[in-house]
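Close look at the chain arrangement
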Amino acid sequence: MRILVLGGTREARVLAESLRNEPGIQVISSLAGRVREPVLPAGEVRIGGFGGADGLQDWLSENRIDAVVDATHPFAAQITRNAAQAAAAQRLPILVLHRRPWQAAPGDHWITAATLADAAHVVAGLGSRVFLTIGRQGVDAFAGLDDVWFLIRAIDPPTGARPVNHELLLARGPFTVQQERDLLRQRRIDVLVSKNSGGALTEAKLVAAREAGIPVVMIERPPLPDGVEVVHTPATALEWLRAVRS
Ligand code: NAP
């Protein structure tokens, strides 16, 4: 059985690793090719877009793929739509593997926003020194906020416009709670903006914000295509693949 794992996440790498010695399953992992020095999954890897849902459909057929696991980031909505459409057209089983979203805990002060634009709209009313931890995409939504200072943290420099007052911090997680505490204090942060990506690797910022009583603008995940099956852990995705194989 030949599997396409759409990746770019830790979960996708864990799944590819666990499928290495799985009898009867051959994996090809796919990365978009956005990050300059990606962490590569184990086994066969291809890099770059497919050319939309139609291109992906052709690719699935040419590569004789039997099932698709979409383990892309929960905010990578376009590839998730394309994968659902292409798999349906090819009548292939498809599973979405998205890590569990974070939940607000006692002591948290979260303001949820449906989109980046909504987040930009509320942020100026909450503070003047904002820690923007949304990755390199979408920073332009905050570009018009001239009265706010931003600490922008991303793995690679953001694409598109940036706010005039900012510091760019290029860093790749995981980060410890102590590192996040220090950063909030040193940069005198009074608001944190995050996507609800979920996962342990970048959760420390939420703990540090809770301790410091700093409000968090939490951007909700984009909706999934209708009817797709979703699991939250690589182990459950592995069980699904074994069931498909048998
Ligand atoms: P997106 O907006 O959903 O996708 C845009 C286009 O990028 C897709 O139409 C597709 O191009 C290509 N693409 C995306 N993921 C791909 C993959 N795994 N393999 C091959 N092509 C892919 O995606 P995005 O938000 O730009 O994210 C790009 C990648 O970065 C994803 O793999 C995702 O897992 C990872 N990532 C995203 C975020 C985030 O916050 N969005 C955070 C961390 C990691 P074609 O139409 O040409 O096929």
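This report concerns the structure included in the present document.

What counts as what
Residues numbered from 1 in each chain as written. Predicted model: local features only at pLDDT ≥ 70, side-chain atom pairs only at ≥ 80, totals over all residues. Heavy atoms only, no water. Helix = DSSP H or I, 4+ residues; strand = E, 2+ residues; numbered from the N terminus. Buried < 20%, exposed > 50% of the residue type's maximum accessible area, 1.4 Å probe, protein only. Near = heavy atom within 4 Å. Polar contact = N/O pair within 3.5 Å; in protein donor to acceptor, adjacent residues only side chain to side chain. Nonpolar A, V, L, I, M, F, W, Y, C, P; charged D, E, K, R; others polar. 1 Å grid on protein atoms, 1.4 Å probe; cavity = no way out; pocket = protein on both sides within 12 Å on 5 of 7 lines; lining within 4 Å. Points joined across faces, edges and corners; volume = space filled by probe spheres on them. Salt bridge = Lys/Arg side-chain N within 4 Å of Asp/Glu carboxyl O. Arc of directions from axis to C-beta. Contact = heavy atoms within 4.5 Å. Axes fitted to C-alpha atoms, helices over the stretch in contact; angles between N-to-C directions. Parallel < 35°, antiparallel > 145°, perpendicular 65-115°, else oblique. Left-handed = near helix turned anticlockwise from the far one by under 90°.

**Remarks on unusual backbone geometry**
In this chain, Gly173 is followed by Pro174 through a cis amide linkage whose omega measures 5°. Counting through the fold element by element, Pro174 comes out in the loop between β9 (166-170) and α5 (177-186). Phi is positive for Arg64, which is not a glycine, with a value near 50°. Here Arg64 shows up in the loop between α2 (52-62) and β4 (67-70). Residue class for Arg64 comes out exposed when judged on its relative accessible area of 56%.

**Digging into the site of the ligand**
Taken together, the neighbourhood of the ligand is formed by 22 residues, with Gly7, Ser30, Arg34, Phe50 and Lys195 sitting nearest. A distance of 2.7 Å separates a nitrogen atom of the ligand from a polar side-chain atom of Ser30. At 3.3 Å, a backbone N or O of Ala77 approaches an oxygen atom of the ligand. Secondary-structure elements contributing two or more residues to the shell around the ligand are β2 (26-31) and α3 (77-89). Examining the composition of the shell around the ligand, we find that four residues originate from one element, α3, more than from any other. Split into classes, the residues belonging to the shell around the ligand amount to seven nonpolar, twelve polar and three charged.

**A short note on empty space enclosed by the protein**
Over the atoms, a rolling probe the size of a water molecule traces out where space has been left empty. Counted by the stated rule, this structure contains three cavities of 30 Å³ or more. Taken as a whole, the largest cavity holds about 60 Å³ of empty space. As for the largest cavity, its lining consists of Pro74, Ala76, Ala77, Thr80, Arg81, His98, Pro222, Pro223, Leu224 and Pro225. For the lining of the largest cavity, the per-class residue count stands at seven nonpolar, two polar and one charged. Here the second largest cavity is characterised by a volume of approximately 40 Å³. Looking at the second largest cavity, the residues that line it are Val5, Gly7, Gly8, Thr9, Ala12, Arg13, Ser29, Leu31, Val39 and Pro41. Put simply, the parts of the chain that give the lining of the second largest cavity at least two residues each are α1 (10-18) and β2. Looking at the lining of the second largest cavity residue by residue, the classes come out as five nonpolar, four polar and one charged.

**A word on the pattern of salt bridges**
Evaluation of the coordinates by the stated rule reveals ten salt bridges. Of the charged contacts in the structure, one is a salt bridge between Arg99 and Glu11, with a shortest N-O distance of 3.2 Å. Note that Arg99 is positioned in the loop between β5 (94-97) and β6 (110-113) and Glu11 in helix α1, a separation of 88 residues in sequence. The class for Arg99 is buried, based on a relative accessible area of 15%. Exposure remark for Glu11: the relative accessible area of 10% places this residue in the buried category. When the shortest N-O distance is used, the salt bridge between Arg187 and Glu167 registers 2.7 Å. Placement of the pair is Arg187 in the loop between α5 and β10 (191-195) and Glu167 in strand β9, with a sequence separation of 20 residues. Residue classification places Arg187 among the buried positions, given a relative accessible area of 17%. A relative accessible area of 25% means that Glu167 is categorised as partly exposed. Residues joined in a network through salt bridges with shared partners are Glu22, Arg242 and Arg245.

**Here's the deal with α2**
Within the span of α2, buried status applies to Ala53, Gly55, Leu56, Trp59 and Leu60. Buried residues along α2 cover an arc of 160° about the axis, so they all sit on one side. Along α2, the residues that are exposed and aim more than 90 degrees away from the buried face are Asp54 and Glu62. The inward-facing, buried residues of α2 abut β1 (2-6), β2, β3 (44-47), β4 and α3.

**A few points about the packing of α1 against helix α7 (residues 234-245)**
One can describe the packing of α1 onto α7 by two numbers: an axis separation of 9 Å at closest approach and a directional angle of 45°. Classified by the angle their axes make, α1 and α7 are oblique. Relative to α7, α1 is oriented so that their crossing is right-handed. Between α1 and α7, the contacting residues are Glu11, Val14, Leu15 and Ser18 on the first element and Pro234, Ala237, Leu238 and Leu241 on the second. In terms of residue class, the contact of α1 with α7 is made up of six nonpolar, one polar and one charged.

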